[in-house]
Amino acid sequence: VTPPAALYSDVIRERWRRPRFRGELPDATGVAEDVNPLCGDRVRVSVRMDDGTVAEARFVGDACAICLASADVTVELARGRSTAEAAAVDAADVLAVLQADIRPARMRCVTLPVSVLGMALGSAR
Amino acid sequence: MRLDQLTRPDFPILDRVVNGCSLVYLDSAASSQKPRQVIDAMVRYYERSHANVHRSIHTLGEEATELYELARDRVQTFIGARHREEIVFTRGTTDGLSLVADALAHRLRPGDEIVIAEMEHHSNIIPWQLAARDSGAVIKAVPITGEGHLDMDAFRRVLGTRTRVVAMTHVSNVLGTINPVSEIADLARSAGAISVIDGAQAIPHLSLDMSVLNCDFYAVSAHKMLGPTGLGVLYGRHEVLEGLEPTRGGSEMIKEVWIDRARWNDLPWRFEPGTPPIAEAVGLTAAIEYLEKLGMDRVAEHERALTHQALQALGGIDRVRVFGPPPTHERGAVVAFKVEGLHPHDVAALLDTEGIAVRAGHHCAQPLMRALGVVGTSRASFSVYNSPAEVDLLAAALERVQSAL
């Protein structure tokens, strides 16, 4: 089995194998979790806000490689940004980093972490 | 000649090339492929006989009605029902189970109990949750044993004076477990409860006889048994079906209508409002004739052999976990598995690169997934057209898949 580069890009494989921002955030000020009803994938995003800025962000998840890679990138894109900037991160931003040809059936794997980030920001103190 | 050698030429889709490889279709439990005989029958119907059924006083209308009602007779014989009035056409298993749940909800009182199994498909959980919500009834679930069987001791314990409905699957779509339906139906009846069986995964593979199974309701889908989508069958024991009020109204299901009231039609049309899926019924007739020609005993034997082969092959692969009863037990034609360290969806996507189609995810059985302690599984399932070589291809691909990501 040779994974098609188009679906599982090098970035996806690298981020899935060695995520940079996976983990819990004990001093989080905002946390959200959601599932993908299609496959049961679950992702939780934690953020620590400091003076209107995403000082730190982490994710944990029980999900496929595409979803976990997306979560890692999503969280990275949010870090150091203002609430408004972080909330504006969308699937296109994540796809640009992943450099993968995601089929429609798997697009929810990419968008789940993005929407969970939005929920976490919304819940943040 | 092996069954797949006999049948494969009848299934045009098996000539498909997927990602540069010959299609290996191992997802028949989700939906089976269709033989030429079924496709042709539906095309012939649309090209020669289509009209609306039951009230058309012209030649085509009469032909369409005859074909539609012939399908009912074929189903009656195929599942061993005593009366043709016991055969209600629905949109599928989900629709059939919902029909029963909606109709029974009116009879349920607060504190009444609905007994289901932990291994149920969502289609046999959610309709009962809705019925419970509307009536104040309570749902109780019977767990699985360590081997993946229905815990019959727990089932006996949960049955009581408040049990009104027992709704269970015949064959688990994940574990492949075959539940003792006639024993379940007998125990339910002894407790004064109505038994409702989800037969979606049983009818494509087992020889069914309602007079032996002895349950009150049995719901199936045509598309899992080589027939078309959009059509299902709800078997209802005459005495019980007769007592049910319809919950969905429209044409066909009435005898007389006034502005403020109506008189219901006879069984089974009472439960078939609106124009039915006529072409699909014609397709189902062809599917049943196809299966009967093969012989359901031979079908069962073929799929049993493939399932056994898959359980042995996959069970022998390092870091692959296989779910459900061991190969020594009678099982349905599904094998759910998990590759350690890989998500089921990634496994399915990697297999797809070799043209191998398997299901992945929670298989619409989230409570069962929780009981098994997994988010989801991958699942291979078999039908009359699958070959031992295809099982070998799956096993060989799974050997390689672990190092592919």
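Everything discussed here concerns the structure shown above.
Treat the numbers as computed from the prediction; the structure is a model and nothing was measured. (Residues numbered from 1 in each chain as written. Chains lettered and ligands numbered in written order. Predicted model: local features only at pLDDT ≥ 70, side-chain atom pairs only at ≥ 80, totals over all residues. Heavy atoms only, no water.)

J.: Give me the lowdown on the packing of aromatic side chains, citing residues and values where you can.
T.: Residue and element names in this part refer to chain B. Going through the model one piece at a time under the given rule, you end up with four aromatic pairs over all chains. For the ring pair Tyr45 and Tyr46, a centre distance of 5.4 Å and an interplane angle of 55° mean the geometry is tilted. Chaining the aromatic ring pairs together yields one cluster made of Phe11, Tyr290 and Tyr385. In this structure, Arg261 packs its charged tip against the face of Trp258, placed 4.2 Å from the ring centre. (Phe/Tyr/Trp six-rings, centres within 6.5 Å; stacked < 30°, edge-to-face > 60°. Lys NZ or Arg CZ within 6 Å of the ring centre and 35° of its normal.)

J.: How would you explain the sheet that holds strand S7 (residues 163-169) of chain B if you had to name every residue and give the values?
T.: All names here are of chain B. Ordered by their spatial adjacency, seven strands build an open sheet running S4-S10-S9-S8-S7-S5-S6, and the pairing between neighbours is mixed. The open sheet has two free edges, formed respectively by strand S4 (87-90) and strand S6 (138-142), since each of these has just one partner strand. Between one strand and the next, the sheet's axes are offset by a mean angle of 20°, whatever the strand orientation. Sheet topology note: the strand S5 (residues 113-117)/S7 ladder contains four bridges and is parallel. Each bridged residue has a counterpart across the sheet, and for Ile114 the counterpart in S7 is Val165. (Pairing = 2+ DSSP bridges. Helix = DSSP H or I, 4+ residues; strand = E, 2+ residues; numbered from the N terminus. Axes fitted to C-alpha atoms, helices over the stretch in contact; angles between N-to-C directions.)

J.: Could you give an account of the environment of Ile356 of chain B, naming the residues involved and the relevant values?
T.: All names here are of chain B. Considering the arrangement of structural elements, one finds Ile356 in strand S15 (residues 356-357). Note on Ile356: relative accessible area 2%, which makes it buried. On a C-alpha basis, the gap between Ile356 and Leu23 in space is 6.2 Å, while along the polypeptide they are 333 residues apart. With residues up to four places along the chain from it excluded, the contact list for Ile356 reads Val24, Leu26, Ala348, Leu351, Leu393, Leu394 and Ala397. (Buried < 20%, exposed > 50% of the residue type's maximum accessible area, 1.4 Å probe, protein only. Contact = heavy atoms within 4.5 Å.)

J.: Break down the packing of helix H2 (residues 65-78) of chain A against helix H4 (residues 91-98) of chain A for me, citing the residues and quoting the values.
T.: Residues and elements named next belong to chain A. Contact pair H2 / H4: the axes reach a minimum separation of 10 Å and the direction vectors enclose 110°. Judged on the interaxial angle alone, H4 and H2 are roughly perpendicular. As for how H2 packs across H4, the hand of that crossing is right-handed. Each of Ala69, Ser70, Val73, Thr74 and Leu77 in H2 lies in contact with H4, whose residues at this interface are Asp93, Val94, Val97 and Leu98. (Parallel < 35°, antiparallel > 145°, perpendicular 65-115°, else oblique. Left-handed = near helix turned anticlockwise from the far one by under 90°.)

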